[in-house]
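Residues per chain, in single letters:
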Amino acid sequence: MKPASSWFQRYLLPGFVFQAAVIAGGYATGRELVEFFLPAGPWGGLLGMLVSMLVWSAVLMASFELARIARACDYRAFFRVLLGRGWFAFEIGYFLLMLVIMAVMGAAAGEIAYSLFGLPRLAGSMAMIAATGAMLFFGSSAIEKFLVASVGYLYLVYLVFVVWCVVAFGDRIAANFESVPVGQDWFMAGVTYAGYNVATIPAVLFCVRHFGRRREALAAGALAGPLGMLPGVVFYIAMVGYYGEIGEQALPSAFLLAKLQAPWFEWAFQLAVMLTLVDTGVALLHAINERVANAWEERQRPMPRALRPVLAVGVMLAAVYAATAVGLVDLIAKGYGTLTWYFLAIYVLPLMTWGLWLLWRHHAHGDASPIPALLKGDRA
């Protein structure tokens, strides 16, 4: 008999895994926060981040509950319910997004290796690939434990970071919040930022196996939005102190660490960033492995364990090549924006219309009719 899931696994674990999937491609270096939120000013940026958080929570709640009642713990099964025969449209976009995110991660890992050790940037990218591939030898339970431990360390480092920044240049932070007016387009910035990040939500679906009832799925989804955004808010507040200068920095995190003049903390922070890179790679690539593993199970065959890291390393090598060919800043500015509307169209719109209708119809039957049975009546 399967042991009962703990309170932590049911309510908080999905949020931590979601944050792990988002952060390296979202705000680990700070460059993404500069690109999307800083143009709206200090307060406008925070309003945009609030919009992103609310969008995430809404999509997470609906996704978790639909996945729970459909017993869809990988994105292929989930989008078969949501898009029917068009499920592969998500997979195409997901792979493209994976290339962009992994390219960003590879470039960031290379910059960290160069700034800390003076190593070639390629060495940092290869180290990240090796660490991520090694983690993917293990199953979901081991991956969950690794993600929780590394995210816990990240929260601790970010807390120390923002407190230190407030102490070191809190007057600059306060002055910029007071003097810079709320800019335009903060709402659209929040929607855009949320739009491409919602594509990482299906990477969290392996946590759905812990949900036993509707309340757990909805509560976990509602909590996952704030859990995913909180470190970004903390980081953003610290960046406001150098509002007029930090926009030109490829790695805002390195810029702020230099201002603190504490080499030992730079090591601690950069270690946290490196862990976030591995976290995101593990979460996103584990979703691909789970999708492939379920396809093997449909053929009554187990997926070879060695195939898991092989798939992961192949995707990451292609992404690192993209990073060197295009560059980090251009990837963030152009790659993410291009995919945002695609995922809003093929994921968020169907989920908040057809998906919510399926949930309503399911619950109208007193939770007695499983989703597959409802689908047979609507999609022959």
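Structure's up top.
Residues numbered from 1 in each chain as written. Predicted model: local features only at pLDDT ≥ 70, side-chain atom pairs only at ≥ 80, totals over all residues. Heavy atoms only, no water.

Draft legend 1. Spotlight on the overall build of the protein chain. Looking only at helices and strands, the protein chain features 15 helices and 0 strands. Within the protein chain, the fraction of its 380 residues that count as buried is 57%. Restricting to contacts in the protein chain with at least 6 residues of sequence separation, those with at least 24 account for 83%. Accessible surface, the protein chain: about 15400 Å² in total, of which carbon and sulfur atoms supply 67%. (Helix = DSSP H or I, 4+ residues; strand = E, 2+ residues; numbered from the N terminus. Buried < 20%, exposed > 50% of the residue type's maximum accessible area, 1.4 Å probe, protein only. Contact = heavy atoms within 4.5 Å. Areas by Shrake-Rupley, 256 points an atom, 1.4 Å probe, with all protein chains shown as cover.)

Draft legend 2. Quick peek at the side chain of E91. Mapped onto the elements, E91 comes out in helix α6 (residues 88-117). The class of E91 is buried, set by a relative accessible area of 13%. What E91 contacts, discounting residues up to four positions off in sequence, is Y75 and R291.

Draft legend 3. View of the pattern of salt bridges. Per the stated rule, a full pass over the model turns up 6 salt bridges. Its salt-bridge partner being E35, residue R31 comes within 3.1 Å of it at the nearest N-O pair. Of the two residues, R31 and E35 both sit in helix α3 (residues 31-36), 4 residues apart, roughly one turn of that helix. Ionic pairing is found between E245 and R172, a salt bridge with its closest N-O pair at 3.4 Å. Note that E245 is positioned in the loop between α10 (214-239) and α11 (252-260) and R172 in helix α8 (residues 140-179), a separation of 73 residues in sequence. The exposure class assigned to R172 is partly exposed, which follows from its relative accessible area of 33%. Shared partners join several salt bridges into a network, and the residues in it are R10, R213 and E216. (Salt bridge = Lys/Arg side-chain N within 4 Å of Asp/Glu carboxyl O.)

Draft legend 4. Region of interest: the nonpolar core. F78, F161, L256 and Y347 are the most contacted members of the largest nonpolar core, which has 125 residues in total. Tallying contributions element by element places helix α12 (residues 263-298) first for this core, with 15 residues. Not counting residues up to four positions away in its chain, the partners in contact with L256 are F161, F169, F235, A238, M239, Y242 and I246. (Core = buried A, V, L, I, M, F, W, Y, C linked by side-chain atoms within 4.5 Å.)

Draft legend 5. Representation of helix α9 (residues 186-197). Between its terminal C-alpha atoms α9 stretches 17 Å, which fits the 16 Å expected from 12 residues at 1.5 Å a residue. Burial runs high along α9: 9 of the 12 residues are buried. Turning to α9, its buried residues are A189, G190, V191, T192, Y193, A194, G195, Y196 and N197. (Expected span 1.5 Å × (residues − 1).)

Draft legend 6. Region of interest: the environment of G48. Inspection of the secondary structure puts G48 in helix α4 (residues 41-70). The exposure class of G48 is buried, given its relative accessible area of 0%. Discounting chain neighbours no more than four positions away, the residues touching G48 are F37, W186 and G190.

Draft legend 7. Region of interest: a nonpolar patch on the surface. A surface patch of nonpolar side chains, amounting to about 460 Å² of accessible area, comprises W43, L47, L50, L54 and V182. Among the structural elements, L50 can be located in helix α4. (Patch = residues over 30% accessible without salt bridge, like charges linked within 9 Å, V, L, I, M, F, W, Y side chains within 5 Å.)

Draft legend 8. Representation of the state of the cysteines in the model. Under the criterion given, the structure shown has 0 disulfides. No disulfide involves C207; its nearest neighbouring cysteine sulfur is the one of C73, lying 9.4 Å away. Look at C207 and you get buried, because its relative accessible area is 0%. (Disulfide = S-S within 2.5 Å.)

Draft legend 9. Representation of α8 in the model. Here α8 contains 40 residues, and its C-alpha end-to-end distance of 48 Å is more than 12% below the 58 Å for a straight helix at 1.5 Å per residue. Of all the bends in α8, the greatest measures close to 90° and is centred on F169. (Bend = angle between axes of the 7 residues up to and from the residue.)

Draft legend 10. Up close: the packing of helix α7 (residues 121-135) against α12. Packing of α7 against α12 brings their axes to within 9 Å, and their N-to-C directions diverge by 45°. Comparing their axes, α12 and α7 come out oblique. Between α7 and α12 the crossing geometry is right-handed. For the pair α7 and α12, the contacting residues are M128, A131, T132 and M135 in the first and L277, V278, G281, V282 and L285 in the second. (Axes fitted to C-alpha atoms, helices over the stretch in contact; angles between N-to-C directions. Parallel < 35°, antiparallel > 145°, perpendicular 65-115°, else oblique. Left-handed = near helix turned anticlockwise from the far one by under 90°.)

Draft legend 11. Molecular detail of the packing of aromatic side chains. Using the criterion set out here, one finds 33 aromatic pairs in the structure. Relative to F90, the ring of F79 lies with its centre 4.0 Å away and its plane at 10°, an arrangement referred to as stacked. Pair noted here: F79 is in helix α5 (residues 75-83) and F90 is in helix α6, with a separation of 11 residues, a long-range link. On the basis of relative accessible area, F79 is assigned to the buried category, the value being 0%. We classify F90 as buried; its relative accessible area is 0%. Their ring planes at 75° and their centres at 5.0 Å tell us that F169 and Y242 sit as a pair that is edge-to-face. Taken together, the residues F169 in helix α8 and Y242 in the loop between α10 and α11 connect sequence positions 73 residues apart. With a relative accessible area of 4%, F169 lands in the buried category. With a relative accessible area of 10%, Y242 lands in the buried category. Through a chain of ring-to-ring contacts, the aromatic side chains of Y75, F78, F79, F90, Y94, Y342, F343 and Y347 assemble into a single cluster. It is R76 that lies over the ring of W87; its NZ or CZ is 5.6 Å from the centre. Its end group placed over the ring of Y242, R172 keeps NZ or CZ at 4.1 Å from the ring centre. (Phe/Tyr/Trp six-rings, centres within 6.5 Å; stacked < 30°, edge-to-face > 60°. Lys NZ or Arg CZ within 6 Å of the ring centre and 35° of its normal.)

Draft legend 12. Structural context of the environment of C165. By secondary structure assignment, the location of C165 is in helix α8. Sequence separation between C165 and M239 is 74 residues; the distance between their C-alpha atoms is 8.7 Å. Excluding residues within four positions of it along the chain, C165 makes contact with G170, I173, A238 and L260.

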